[in-house]
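# Notes for the structure review
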Amino acid sequence: ADFSLNLPATVLTKGCYELMFDGAFNLKKAPKLPAVELKPNCYSGMFLYCGKLQKAPELPAEVLADSCYSRMFFRCTDLQDAPVLPAEILAKSCYSSMFSGCTDLQKAPELPAEVLADGCYSGMFENCSNLVVVSELPAKNLAKGCYKKMFYNCKKLDSLSVAFESFTREDL
């Protein structure tokens, strides 16, 4: 039996949906997530280990909070469609490990942000072994650990276009 879950909140509180479906391996359909005002950890690990989830819900927020999407789709191995991520100014660790272990994901969403934060993209696509398409990373100024392990173990990814001209070990 397929069920429909409605999560209509547009303003969230700290950690409100954190780990909500953790381990619901057979969950195939995600609820709509219309929130535009996020708080720290609000969606962190929400679909952790939901292996059968194939399509991510829309994520319309343009202003992010610390760790808001951290590990949101961690090890959703069947995930094929990533959501549009419209934010242009990021928060600390906001996308860290968001799609880590999504082995069926072949195309990364566009990442339009030009203002980065510490650890914002760290491990975002780590172990996405079938990832082949990524858009340009347009930021010219980097933050500490912003791209650390972002594409670690993405075995099929063979090129990446970036806008920054130099970086230090701390940036990666």
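Above: the structure in question.
All values derive from a computational prediction rather than experimental measurement.

Basis of the calculations
- Residues numbered from 1 in each chain as written.
- Predicted model: local features only at pLDDT ≥ 70, side-chain atom pairs only at ≥ 80, totals over all residues.
- Heavy atoms only, no water.
- Salt bridge = Lys/Arg side-chain N within 4 Å of Asp/Glu carboxyl O.
- Buried < 20%, exposed > 50% of the residue type's maximum accessible area, 1.4 Å probe, protein only.
- 1 Å grid on protein atoms, 1.4 Å probe; cavity = no way out; pocket = protein on both sides within 12 Å on 5 of 7 lines; lining within 4 Å.
- Points joined across faces, edges and corners; volume = space filled by probe spheres on them.
- Nonpolar A, V, L, I, M, F, W, Y, C, P; charged D, E, K, R; others polar.
- Phe/Tyr/Trp six-rings, centres within 6.5 Å; stacked < 30°, edge-to-face > 60°.
- Lys NZ or Arg CZ within 6 Å of the ring centre and 35° of its normal.

A word on the pattern of salt bridges. In this structure the tally under the stated criterion is one salt bridge. Among the salt bridges present, the one from Glu-37 reaches Lys-39, with a minimum N-O distance of 3.0 Å. Taking relative accessible area as the criterion, Lys-39 reaches 29% and is therefore assigned partly exposed.

Here the largest pocket defines a volume of roughly 350 Å³. Surrounding the largest pocket, 14 residues form its lining, Lys-29, Ala-30, Pro-31, Lys-32 and Pro-57 being those nearest its centre. Residues that form the lining of the largest pocket fall into these classes: nine nonpolar, one polar and four charged.

Let us now look at the packing of aromatic side chains. Tallied over the full model, the rule gives 12 aromatic pairs. Ring geometry for Phe-21 and Phe-47: centres 5.5 Å apart, planes at 5 degrees, overall stacked. When the ring of Phe-73 is compared with that of Phe-99, the centres are 5.5 Å apart and the planes differ by 5 degrees; the resulting orientation is stacked. Taking the relative accessible area as the measure of exposure, Phe-73 reaches 0% and is therefore buried. Classification of Phe-99 as buried rests on a relative accessible area of 0%. By the ring-pair criterion, three or more aromatic residues cluster together here, those being Tyr-17, Tyr-43, Tyr-69, Tyr-95, Tyr-121, Tyr-147 and Phe-164. When the ring centre of Tyr-152 is taken as origin, the NZ or CZ atom of Lys-149, which lies over that ring, is 4.7 Å away.

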